[in-house]
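Letter by letter, the chains look like this.
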Amino acid sequence: MNSRRPSAHDAAHESALEELWASEGGARTPAVAQRLSACARCAELWDQLQAAEASAARVLGELRHDMAPRSSGEGAPGEARLDAMLQRAMAGQKSRPRVWPRWLAAAGIALAVGLGLRWAREPDPLGSDPELGATLRLLAPAEATDARDRFRFEAPDDGGWFVVEVFDTQGAPLLRSGRLAASPWSPQPAEIARIPQHFRWQVTAYDASGNFESRAELRVEP
Amino acid sequence: MRLRDAVAGPKRETGSADANLADDAALVSAVLKGEARARLEFAARLRVVARVLDARNRRLGAPLRDHELEDVLQDTVTKIWEHLPRFRGHAALDTWMYPIAVRTLSNALRERRNRGAWLPRDRDVDPDQLLAAEEDLAAESESLTQALDELTPERARVVRMRHLDEASFDEIGVRLGVPPGTAKTWYYRAISALRERLARRSDRRGEAL
Ligand SMILES: [Zn+2]
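An account of the accompanying structure is given in this report. All of these numbers come straight from a predicted model, not from anything done at the bench.

### So, the overall build of chain B
Thought 1: A count of helices and strands for chain B gives 10 helices and 0 strands.
Thought 2: Counting from the amino terminus, helix and strand elements in chain B follow one another as α-α-α-α-α-α-α-α-α-α.
Thought 3: Every one of the 209 residues in chain B was classed for burial, and the buried ones make up 61%.
Thought 4: Of all intrachain contacts in chain B linking residues separated by at least 6 positions in sequence, the fraction that spans at least 24 positions is 73%.
Thought 5: When the accessible surface of chain B is summed, it comes to about 8100 Å², and 48% of that surface belongs to carbon and sulfur atoms.

### Details of the packing of helix α6 (residues 93–114) of chain B against helix α7 (residues 127–150) of chain B
All names here are of chain B.
Thought 1: At their nearest, the axes of α6 and α7 sit 9 Å apart, and the two run at 155° to each other. Considered as vectors, α6 and α7 are oriented roughly antiparallel to each other. Where α6 crosses over α7, the two elements pack in a sense that is left-handed. Here α6 contributes Thr95, Trp96, Tyr98, Pro99, Val102, Arg103, Leu105, Ser106, Leu109, Arg110 and Arg113 to the contact with α7, which in turn contributes Pro127, Asp128, Leu131, Glu134, Glu135, Leu137, Ala138, Ala139, Ser141, Glu142, Thr145 and Leu148.

### A short note on the environment of B:Ala167
Thought 1: Here B:Ala167 lies in the loop between α8 (153–163) and α9 (169–176).
Thought 2: On the basis of relative accessibility, which here comes to 0%, the residue B:Ala167 falls in the buried class.

### Digging into the pattern of salt bridges
Thought 1: Under the criterion given, the structure shown has 33 salt bridges over all chains.
Thought 2: The salt bridge involving A:Arg176 is made with A:Glu165; its shortest N-O contact spans 3.0 Å. On the criterion of sequence distance, the pair formed by A:Arg176 in strand β4 (residues 173–176) and A:Glu165 in strand β3 (residues 161–167) is long-range, its members being 11 residues apart.
Thought 3: A relative accessible area of 7% places A:Glu165 in the buried class.
Thought 4: Across the pair B:Glu196 and B:Arg197 runs a salt bridge whose closest N-O atoms are separated by 3.1 Å.
Thought 5: Residues joined in a network through salt bridges with shared partners are A:Arg58, A:Glu62, A:Asp66, B:Arg56, B:Arg59, B:Glu134 and B:Glu140.

### Topic: the pairing of β3(A)
All names here are of chain A.
Thought 1: Along β3, 7 of the 7 residues are buried, which leaves the element largely enclosed by surrounding structure.
Thought 2: Residues Trp161, Val163, Glu165 and Phe167 of β3 are buried on one face, and the alternating residues Phe162, Val164 and Val166, pointing to the opposite face, are buried as well.
Thought 3: Of the pairings in the sheet, the one linking β3 to strand β5 (residues 199–206) comprises 7 bridges and is antiparallel in character. Paired with Val163 across the bridge in β5 is Thr204.
Thought 4: Relative to β4, β3 runs antiparallel, the two sharing 3 bridges. Across the sheet, the residue bridging to Glu165 is Arg176, located in β4.

Definitions and cut-offs
- Residues numbered from 1 in each chain as written.
- Chains lettered and ligands numbered in written order.
- Predicted model: local features only at pLDDT ≥ 70, side-chain atom pairs only at ≥ 80, totals over all residues.
- Heavy atoms only, no water.
- Helix = DSSP H or I, 4+ residues; strand = E, 2+ residues; numbered from the N terminus.
- Buried < 20%, exposed > 50% of the residue type's maximum accessible area, 1.4 Å probe, protein only.
- Contact = heavy atoms within 4.5 Å.
- Areas by Shrake-Rupley, 256 points an atom, 1.4 Å probe, with all protein chains shown as cover.
- Axes fitted to C-alpha atoms, helices over the stretch in contact; angles between N-to-C directions.
- Parallel < 35°, antiparallel > 145°, perpendicular 65-115°, else oblique.
- Left-handed = near helix turned anticlockwise from the far one by under 90°.
- Salt bridge = Lys/Arg side-chain N within 4 Å of Asp/Glu carboxyl O.
- Pairing = 2+ DSSP bridges.

Pasting the structure below:
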């Protein structure tokens, strides 16, 4: 994995690429393409930049969707009940010691501050070695005229799995595959029928432990 | 039906990126000091958690009944309280609480699934697929929120404006008092910083092996 470490890459390349990413607004312009074809590590960094943006879009998009006020079920405010729950939580806290995740305790407070929150019940992060931004390339469909019966992508085979998702151009989720061991994903005919002329699809790669690894997307738009 | 009561609320809790982060940090600090008025205000902010749990349960075909969802809400509130001393304020309270809610719900659903007690009302859905998706979201939102929390508050805010509020660069520029081009550059610099945090997190995990 040493080839993935920044130290194995020219630091000047790194800052120049990030500058290019910001100045080109994330677009794969000819200047960007030239740089990416000249340096494999820069290409990998570019994939990571896109994965970081896609991750922000997905998580915050889900949050936005979940928080959207709904017409049904909007009744009287329930602060009193939530306050009672909060007070129960506070009371429980006083009577039992805080459960610190064992890896967090071992890593020390400085690291804890750097890492931000974590909690005890989540899968042990030490048990995985995600390669964020591992190369993932979406192949087809790429054009509005391409068949939609097979969603093909290229990805490293590292024992993890993939999930293909299809969204409309407004970002509303349309389809989601199950866990795939490999490309391609073949949706059911009824699912294919739900795909509009223009859409966006993405593939998310997870490692064998289920940790998020990388994501790539392809826009089939005019 | 009691959970639905808690789902209601004014737009204050819809998590706009304009929500004052200094207020969030000050509120949390006052709650931790045991101030009763702060606690009541914090309870109001928890309505967003109730709303999230309710929304996700519905999206999953409502496998949890109201009283079960009520238990998940209490568990989530307890975990939020337990982790509150680690809130830094950069990720905004709503964003910070989100992965806790998603993880607590997916744990409850996993436990239910293991007991063979999943009751999806829609017969077309595959519970294992839904559960896997829920756990994937929990993991990804944990990573993202932690990385956001390590950014400067300004950078985290631009990312939230873009993706939580779906603001255009024109709108972001107006809110921040800068030209749209500057807003765009700031946003892409923030994503760059986010990439670095996410990569460093994965490196740290690799080194720890
Ligand atoms: Zn390079």
